[in-house]
Amino acid sequence: MLDLAYLQTRPKQTALLKAECSDFVVKEHLGYEMSGAGEFIAVKVRKTNANTLFVGEKLADFCHLSVRNMSYAGLKDRHAITEQWFCLHMSGQPTPDFDKFQLDGVKILEVTRHNRKIRTGSLAGNYFEILLRHLVETDELKVRLENLNNVGFPNYFTEQRFGREGHNLSQAMRWAKGEIQVKDRKKRSFYLSASRSEVFNLVVSKRIEMGLATQILPQDIVQLNSSHSWFVVDEHEDLSALQVRLEKRDILLTAPLIGEIVQPASDVENMIVAEHKTLQKLMQQERLKPARRPLLMQPQDFSWQFVESGLKLHFYLPAGSYATALVRELALTEE
């Protein structure tokens, strides 16, 4: 992340992030309602300084279930206050009395039944409330906030995607070169995700460096806003008309999540992908389908307030986008 380009410029101020759990609040938004009946029990919890998997395991233990019968939509930050749903498969069994469930830092907010499993990734997004301590109100910072609100931020994958000190990516490279075999299913998933994230980040960063983060190019692959549908910009198309659509956010520029098939795209993207043939071969070996991801992300319901201790942010991001990538455009951070 240190070498990736900023959409604006390198921030001038340094902020303290997650000094306290209450400085980083995340509220999950699944995007659908619980059915109220079914073979699954859905438990909404508020957890403070607690690991998602650990809490899920304790809920499964409480219900006398194997951890295989427990699921959740997504991992949430540990050093934070987070609200999220857990799903417990209890077909034909009564709902336990969760008033008796006790775990430090965890409060049960709601218990209901649901007719299907809550699967990883099955959420619409997350609401965030973040306090960046020690930031001082300046004209320069207010311009950053306005630009972030109007244009967005690079939709980078951040450090947590790559593991501690980039471990997931370094292991992926060893796997791709045939130096190691990876049989563990979760590790394979982590390593493949890190590989795709690395190439995506580098494409985004290069476009920003070249001043092309908000400009349509021939052969760009663009996505219809609020949809996963995308199309390739034909070199004979009216680029000026597409540029207007881009500025209105009717369409979004995308960068690749590489897969077994190389998607011809803009010259900038083709260049970066070609530089990572080793990772591309790994995608072919594992038969991953290629996908696309918006190059920039614009926060929804974005608001801010300067307080005595720093800067408070409120915003919503769709699933898969990182709050820390947004924060990166505002301040250098220390945790």
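Provided above is the structure to which this section pertains.
Here is a short report on the structure shown in this document. Since we're looking at a predicted model, the values are computed, not measured. (Residues numbered from 1 in each chain as written. Predicted model: local features only at pLDDT ≥ 70, side-chain atom pairs only at ≥ 80, totals over all residues. Heavy atoms only, no water.)

1. Let's talk about the pairing of strand β11 (residues 251-257)
In terms of burial, β11 is largely enclosed, as seven of its seven residues are buried. As defined by bridge partners, strand β9 (residues 221-224) adjoins β11 across three bridges and the pair is classed as antiparallel. Note on β11: the bridge partner recorded for V222 is L253. (Buried < 20%, exposed > 50% of the residue type's maximum accessible area, 1.4 Å probe, protein only. Helix = DSSP H or I, 4+ residues; strand = E, 2+ residues; numbered from the N terminus. Pairing = 2+ DSSP bridges.)

2. Some points on a negative patch on the surface
A contiguous patch of negative charge, built from D234, E235, E237 and D238, is present on the exposed surface. Mapped onto the elements, D238 comes out in the loop between β10 (230-232) and α6 (239-247). Relative accessible area serves as the criterion here: at 46%, D238 is assigned to the partly exposed category. (Patch = residues over 30% accessible without salt bridge, like charges linked within 9 Å, V, L, I, M, F, W, Y side chains within 5 Å. Areas by Shrake-Rupley, 256 points an atom, 1.4 Å probe, with all protein chains shown as cover. Salt bridge = Lys/Arg side-chain N within 4 Å of Asp/Glu carboxyl O. Lys, Arg positive; Asp, Glu negative; His and termini not counted. Charge placed at Lys NZ, Arg CZ, Asp CG, Glu CD.)

3. A look at the side chain of Q298
Here Q298 is to be found in the loop between β13 (296-297) and β14 (300-307). One polar contact links the side chain of Q298 to the main-chain carbonyl oxygen of N149, over a distance of 2.6 Å. Here the side chain of Q298 touches N150 through a polar contact of 2.9 Å, landing on its backbone oxygen. Among residues more than four places away in sequence, those in contact with Q298 are N149, N150, V151, G152 and R249. (Polar contact = N/O pair within 3.5 Å; in protein donor to acceptor, adjacent residues only side chain to side chain. Contact = heavy atoms within 4.5 Å.)

4. Regarding the layout of surface pockets
In this structure, the second largest pocket spans a volume of roughly 530 Å³. Every residue lining the second largest pocket is counted, 21 residues in all, and those nearest its centre are Q223, H228, P294, M297 and P318. Secondary-structure elements contributing two or more residues to the lining of the second largest pocket are β11 and β12 (291-294). When residues of the lining of the second largest pocket are assigned to their parent elements, the largest contribution, three residues, is made by β12. Here the residues of the lining of the second largest pocket sort into eight nonpolar, 10 polar and three charged. (1 Å grid on protein atoms, 1.4 Å probe; cavity = no way out; pocket = protein on both sides within 12 Å on 5 of 7 lines; lining within 4 Å. Points joined across faces, edges and corners; volume = space filled by probe spheres on them. Nonpolar A, V, L, I, M, F, W, Y, C, P; charged D, E, K, R; others polar.)

5. Some words on the sheet that holds β12
Pairing within the open sheet is antiparallel, and its four strands lie in the order β10-β9-β11-β12. Each end of this open sheet is capped by a strand with a single partner; those strands are β10 and β12. Looking at each pair of strands side by side, their axes are set apart by 45° on average, direction ignored. Sheet analysis places β9 next to β10, joined by three bridges and oriented antiparallel. Counted as the bridge partner of V222 is F231 from β10. (Axes fitted to C-alpha atoms, helices over the stretch in contact; angles between N-to-C directions.)

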